[in-house]
Structures are given as structure tokens and as C-alpha cells.
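This is what each chain is made of:
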Amino acid sequence: MSEEIGLFYGSTTGMTEDVAFKIEKIAQEKHGITLTPINIIDLDDPNDMFLYNKLIVGQPTWNYGEYQDDWEMVVDKIAAADLHGKTIAMFGLGDQVGYPEYFLDAMGMLAEQFAAQGANFIGEWPTEGYKFETSKALLKNGNFLGLGIDEDSQPELTDERLEAWLAQILPQFAALP
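Heads up: these notes are all about the structure in this document. (Residues numbered from 1 in each chain as written. Predicted model: local features only at pLDDT ≥ 70, side-chain atom pairs only at ≥ 80, totals over all residues. Heavy atoms only, no water.)

1. Topic: the packing of helix H2 (residues 69-78) against helix H3 (residues 105-116)
Basically, it comes down to this: Here the axes come from fitting lines to C-alpha atoms, over the contacting stretch only for helices, and the angles between their N-to-C directions go from 0 to 180 degrees. Strands here mean DSSP runs of E at least two residues long; helices mean DSSP runs of H or I at least four residues long; both are numbered from the N terminus. To sort the angles, those under 35 degrees are grouped as roughly parallel, those over 145 as roughly antiparallel, those from 65 to 115 as roughly perpendicular, and the leftovers as oblique. Take the far helix as your reference; a near helix turned counterclockwise from it by less than a right angle gives a left-handed crossing, and one turned clockwise gives a right-handed crossing. Note on definitions: a residue-residue contact is assigned when non-hydrogen atoms from the two residues lie within 4.5 Å. Note that Gly is not counted as nonpolar here; it falls among the polar residues with everything else outside the nonpolar set of Ala, Val, Leu, Ile, Met, Phe, Trp, Tyr, Cys and Pro and the charged set of Asp, Glu, Lys and Arg.
Direction vectors running N to C along H2 and H3 enclose 20°, while the axes themselves pass 10 Å from each other. In this view, H2 runs roughly parallel relative to H3, as classed from their interaxial angle. Along this stretch, H2 crosses H3, giving a crossing that reads as left-handed. Contacts from Trp71, Val75 and Ile78 in H2 reach Leu110, Gln113 and Phe114 in H3. Considered class by class, the residues forming the contact of H2 with H3 number 5 nonpolar, 1 polar and no charged.

As C-alpha cells, this is what we get:
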């Protein structure tokens with residue numbers, strides 16, 4: 001299992017789940033890679049996601065910069081995991097118009113938890129084309145630490161962004177041991 005890529009998400013309204021299944025479809029059709037989307041809440045033990053050395057992890061930002069419920073229930077378990085040797089590419093959903101001061105915050109907060117346990121990251125994404133005030137998902141270089149998706153204000157850009165992001169991260173995953 002460690003040579004495969006695990007695709008995990010949490011979703012309340014179904015938008016993040018829909019994006020995870022779009023990732024599955026694009027990876028298969030454009031790259032010949034099979035991914036199986038798994039809702040984090042469906043795992044008997046959330047740490048089972050760390051059986052993979054390569055992970056794609058998706059989460060929406062909920063309410064006012066909070067974790068989505070599924071992630072809220074498992075995020076404390078991450079603090080006990082040893083993630084050295086794990087590489088994670090993250091995608092986050094947010095609403096840059098309705099919540100511009102919290103855009104993609106959950107992605108940044110979850111990445112902070114993963115980084116504290118030794119995880120490495122790939123898949124940073126430019127902020128051009130987004131309009132928001134602040135985000136906990138910003139890197140020092142001004143990019144998002146992962147792919148930002150806004151199904152509320154920019155759904156017409158989702159497929160294009162997913163295709164470009166997967167074309168970036170899948171070869172990076174393939175180059176890893």
C-alpha cells in the first residue's frame with residue numbers, strides 16, 4: 001500500500017466529496033492512475049490513512065475558519081502519528097466572497113498539524129485569480145500550500161485547476177521512492 005497514493009477527504013455538503021471524485025476521474029483518464037476517494041470519517045481508525053506514504057488530502061473550511069466536522073473529529077489523532085517519510089498534497093475548498101478573511105484556513109490548520117508530525121508537502125498553488133483577504137493556507141512565498149477550490153464563486157475554474165494541479169503533483173509523487 002505504501003507505493004500507492006491515498007486520497008482522503010471530509011465533506012459536509014458534498015462539494016469536497018465531488019472534488020475528490022473529480023480528482024479520481026482526472027487521474028484515471030488523463031494519467032492512468034487509479035485513486036480511490038475515501039471519506040476520513042469512514043475509516044475505522046483515522047490513522048489508517050497513514051499506511052500510505054503518498055497522500056492527497058482534501059478539506060473545506062467551515063463556518064468562520066474552522067475544520068469541517070469529519071476533520072474536527074480526527075485532527076487530534078494526527079498529533080500522535082509519526083509522519084516522517086509521508087508526502088502530502090492538499091486541496092481545500094472555501095468561499096472567497098462570503099468568507100474572504102477565512103479562505104482555505106482549514107487547509108492551513110490541517111497542514112500545520114501534519115507538518116508538526118514530520119510530513120513533507122508538494123502541490124503549492126499560486127494565488128493569482130483569487131480574491132480574498134487572508135488565509136492560513138498561505139506560504140511565505142505568497143502561494144497557497146495546496147490547491148484552492150471555490151465551488152461557490154468560481155465553479156467554472158475547478159476542472160481546469162484540478163487538471164493543472166494533478167499534472168503537477170502526480171509526476172512529483174511518481175519521482176518519490
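2. A few points about a negative patch on the surface
Here is the rule: For patch building, the residue pool is restricted to those with more than 30% relative accessible area and no salt bridge; the joining distance is 9 Å between like charges and 5 Å between nonpolar side chains (Val, Leu, Ile, Met, Phe, Trp, Tyr). Surface exposure here means Shrake-Rupley accessible area, sampled with a 1.4 Å probe, where a residue is shielded only by the protein chains that are shown. Note on definitions: salt bridges are taken to be side-chain nitrogens of Lys or Arg within 4 Å of carboxyl oxygens of Asp or Glu. Charged-residue counts in this description rest on Lys and Arg as positive and Asp and Glu as negative, His and the chain ends being excluded. By convention, the point assigned to a charge is CZ for Arg, NZ for Lys, CD for Glu and CG for Asp. Think of it in three bands: residues with accessible area under 20% of the maximum for their type are buried, residues over 50% are exposed, and the middle band is partly exposed, with areas taken using a 1.4 Å probe on protein chains only.
Together, Glu66, Asp69, Glu72 and Asp76 give the surface a local cluster of negative charge. In terms of residue count, H2 provides more of the negative patch than any other element does, 3 residues in total. Secondary-structure assignment places Asp76 in helix H2. Its relative accessible area of 53% is what places Asp76 among the exposed residues.

3. As for the pattern of salt bridges
Per the counting criterion, the structure on display carries 2 salt bridges. Linking Lys22 and Asp159 is a salt bridge whose minimum nitrogen-to-oxygen distance equals 3.3 Å. In this pair, Lys22 is assigned in helix H1 (residues 15-31) and Asp159 in helix H4 (residues 158-175), connecting sequence segments 137 residues apart. Of the residues examined, Lys22 reaches a relative accessible area of 28% and is grouped as partly exposed. With its nearest N and O atoms 3.8 Å apart, the salt bridge here joins Lys30 to Glu163. On the criterion of sequence distance, the pair formed by Lys30 in helix H1 and Glu163 in helix H4 is long-range, its members being 133 residues apart. Assessed through its relative accessible area of 54%, Lys30 is described here as exposed. On the accessibility criterion, Glu163 (33% relative accessible area) is partly exposed.

4. A short note on the environment of Gln154
Take Gln154: it is sitting in the loop between strand E7 (147-149) and H4. On the basis of relative accessible area, Gln154 is assigned to the buried category, the value being 12%. Taking C-alpha positions, Gln154 is 8.9 Å from Tyr130, a pair spaced 24 residues apart along the chain.

5. Digging into H4
For an α-helix, the turn length of 3.6 residues means that residues three or four places apart are oriented alike. Put simply, the rule is: Each helix should span, by expectation, one fewer than its residue count multiplied by 1.5 Å.
For H4, with 18 residues, the first-to-last C-alpha span of 26 Å sits near the 26 Å given by 1.5 Å per residue. For H4, every residue scored as buried is listed here: Thr158, Arg161, Leu162, Trp165, Leu166, Ile169, Leu170 and Phe173. Against the buried residues of H4 lie strand E1 (5-9), H1, strand E3 (54-62), strand E5 (87-93), strand E6 (120-122) and E7.

6. What to know about the packing of H1 against H4
Helices that pack against each other are described as a pair by the angle of their axes relative to one another and the distance between those axes. Running from N to C, H1 and H4 cross one another at 60°; their axes reach a closest spacing of 10 Å. With respect to each other, H1 and H4 are oriented oblique. Relative to H4, the crossing made by H1 is right-handed. Contacts between H1 and H4 pair Val19, Lys22, Ile23, Ile26, Ala27, Lys30 and His31 from the former with Thr158, Asp159, Leu162, Glu163, Trp165, Leu166, Ala167 and Leu170 from the latter. Along the lines of polarity and charge, the residues of the contact of H1 with H4 split into 9 nonpolar, 2 polar and 4 charged.

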